[in-house]
Amino acid sequence: MLNYNGNLVAFDDVKITPNNRAFKYGDSVFETIKVVHGKLVFWEEHYFRLMASMRMLRMNIPMNFTLEFLEEQILKTVSVNEHNKNTRARLSVTRKDGGFYTPNTNEIDYLIESQEIEYSTKASYKVDLFKDFYMYSGHLSTVKTNNKLIHTLASIYAKENELDNCILLNERKGVVEVTNASLFLIKGTLIKTPPLTEGCLKGIAREKVISVITSSNNYTLEEAIISPFEIQKADEVFITNSIIGIQPITNYRKKEFSTDVSKKLAMSFNILELTSK
């Protein structure tokens, strides 16, 4: 079952018209939320990012779009689907049908879907650069919109080349992220991640990992431009998103990385998940 504007409907009964703006123009934002035993992990952070994204895209935010209302709608969807374990919920918001590039209205529709997930970090995780196309380093790239064509093409490239993921670059050839997660590299006690000005998503898990690192006396965090050459010189590299937590990268081209620090950070991140509001 899906939740369409607060109504629970069968999957086949949700009709997308030819005038749907997410379909025609990618005029949509979304949040992917991990739900564990009826609890939305990092929900406040997801909610406020969604509100900021909708404002940036000049969508009208309904009066009832409160933190509590959307949490209730997500949990209702998870419950009706009888998802009792780890669940991946996606909340999509799109402008209502109509118009060409200029919409007829800024009013919105929303759709909530859920599926159970079984995820554990992989012992071996191989990545490489995706250089066919580049991301734009502007502020719009930091927003979680439906415009994910480069991420899709990079995912296809990874599958064709027996990789687990691909590292995306911006127009200045700086490292941005991987197709579905933020990226961090470790050299000694220094941990680096690209700043938002490089075009990386303003990730919820990214911010949580940054808070774990900055609260530790063992490491120094630096948000700085990263070149592909730096990846090969790193001791460790890991990625993070709200669903997988922290996944260490073990192989980049011919380089093999250790995973000791990444695994320690993952333990701290998991504690944050358990204690999140």
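Everything discussed here concerns the structure shown above.
As the structure is a computational prediction, the values presented were derived from the model and not from experiment.

Q: Quick rundown of the overall build of the chain? Include the residues and the values.
A: Counting its regular elements, the chain contains seven helices and 16 strands. In summary, the chain has a C-alpha radius of gyration of 19 Å against a globular reference of 19 Å for 277 residues, a match within 12%. Dimensions along the principal axes, computed over C-alpha positions, put the chain at roughly 50 × 40 × 35 Å. A sequence separation of at least 24 residues applies to 70% of the contacts in the chain between residues at least 6 apart. Within the structure as shown, the chain displays about 14,200 Å² of accessible surface, and the carbon and sulfur contribution to it stands at 53%. Considering the chain, the positive charge centre built from 34 side chains and the negative charge centre built from 33 side chains are found 4 Å apart.

Q: Residues and numbers for the pairing of strand β8 (residues 165-170), please.
A: When you tally the buried positions in β8, you get six out of six residues, the bulk of the element. Burial along β8 is two-sided: the face carrying Asn165, Ile167 and Leu169 and the face carrying Cys166, Leu168 and Asn170 are both buried. Pairing geometry for strand β7 (residues 126-135) and β8, over five bridges, is parallel. In the sheet register, Phe130 faces β8, and the bridge partner there is Leu168. Taken together, β7, helix α4 (residues 149-160) and β8 form a β-α-β motif whose crossover is right-handed. Here three bridges tie β8 to strand β9 (residues 175-178), and the two strands are oriented antiparallel to one another. Considered in β9, the bridge of Leu168 is made with Glu177. In this structure, the hairpin formed by β8 and β9 is closed by a connection of four residues, where Lys173 is found at a positive phi of approximately 70°.

Q: Before we move on, could you go through unusual backbone geometry and cite the residues and values that matter?
A: Located in the positive-phi region is His37, a residue other than glycine, with phi close to 50°. Mapped onto the elements, His37 comes out in the loop between β3 (28-36) and β4 (39-40). The exposed category is assigned to His37, whose relative accessible area is 63%. The backbone phi angle of Glu162 is positive, close to 55°, even though this residue is not glycine. Locating Glu162 in the fold gives a position in the loop between α4 and β8.

Q: Provide a residue-level description of the packing of aromatic side chains, including the pertinent values.
A: By the definition in use, this model includes nine aromatic pairs. Consider the rings of Phe130 and Tyr157, whose centres lie 5.7 Å apart with planes at 65°: the pair is edge-to-face. Taken together, the positions of Phe130 in strand β7 and Tyr157 in helix α4 put the pair 27 residues apart, joining distant regions of the chain. Looking at Tyr157, the relative accessible area reads 25%, which means it is partly exposed. Among the aromatic side chains, those forming a connected cluster through ring pairs are Trp43, Tyr47 and Phe48. Across the ring face of Phe30, the terminal group of Arg90 is positioned such that the distance to the ring centre comes to 3.7 Å.

Q: Pulling in residues and values, what's your account of the sheet that holds strand β6 (residues 108-116)?
A: Taken together, the six strands give an open sheet; going across it, the order is β2-β1-β6-β5-β3-β4, and neighbouring strands pair in antiparallel fashion. Edge positions in the sheet fall to β2 (7-9) and β4, since each has one partner strand and no second. Looking at chain direction, strand β5 (residues 86-95) and β6 are connected through nine bridges and run antiparallel. When the bridges of β6 are listed, Arg88 appears paired with Gln115. Set on the sheet, helix α3 (residues 67-80) makes contact with β1 (2-4), β2, β3, β4, β5 and β6; between it and β6 the angle comes to about 45°.

The rules we used
Residues numbered from 1 in each chain as written. Predicted model: local features only at pLDDT ≥ 70, side-chain atom pairs only at ≥ 80, totals over all residues. Heavy atoms only, no water. Helix = DSSP H or I, 4+ residues; strand = E, 2+ residues; numbered from the N terminus. Rg over C-alpha atoms; globule rule 2.2 N^0.38 Å. Contact = heavy atoms within 4.5 Å. Areas by Shrake-Rupley, 256 points an atom, 1.4 Å probe, with all protein chains shown as cover. Lys, Arg positive; Asp, Glu negative; His and termini not counted. Charge placed at Lys NZ, Arg CZ, Asp CG, Glu CD. Buried < 20%, exposed > 50% of the residue type's maximum accessible area, 1.4 Å probe, protein only. Pairing = 2+ DSSP bridges. Right-handed = clockwise from strand over helix to strand, strands pointing away. Phe/Tyr/Trp six-rings, centres within 6.5 Å; stacked < 30°, edge-to-face > 60°. Lys NZ or Arg CZ within 6 Å of the ring centre and 35° of its normal. Axes fitted to C-alpha atoms, helices over the stretch in contact; angles between N-to-C directions.

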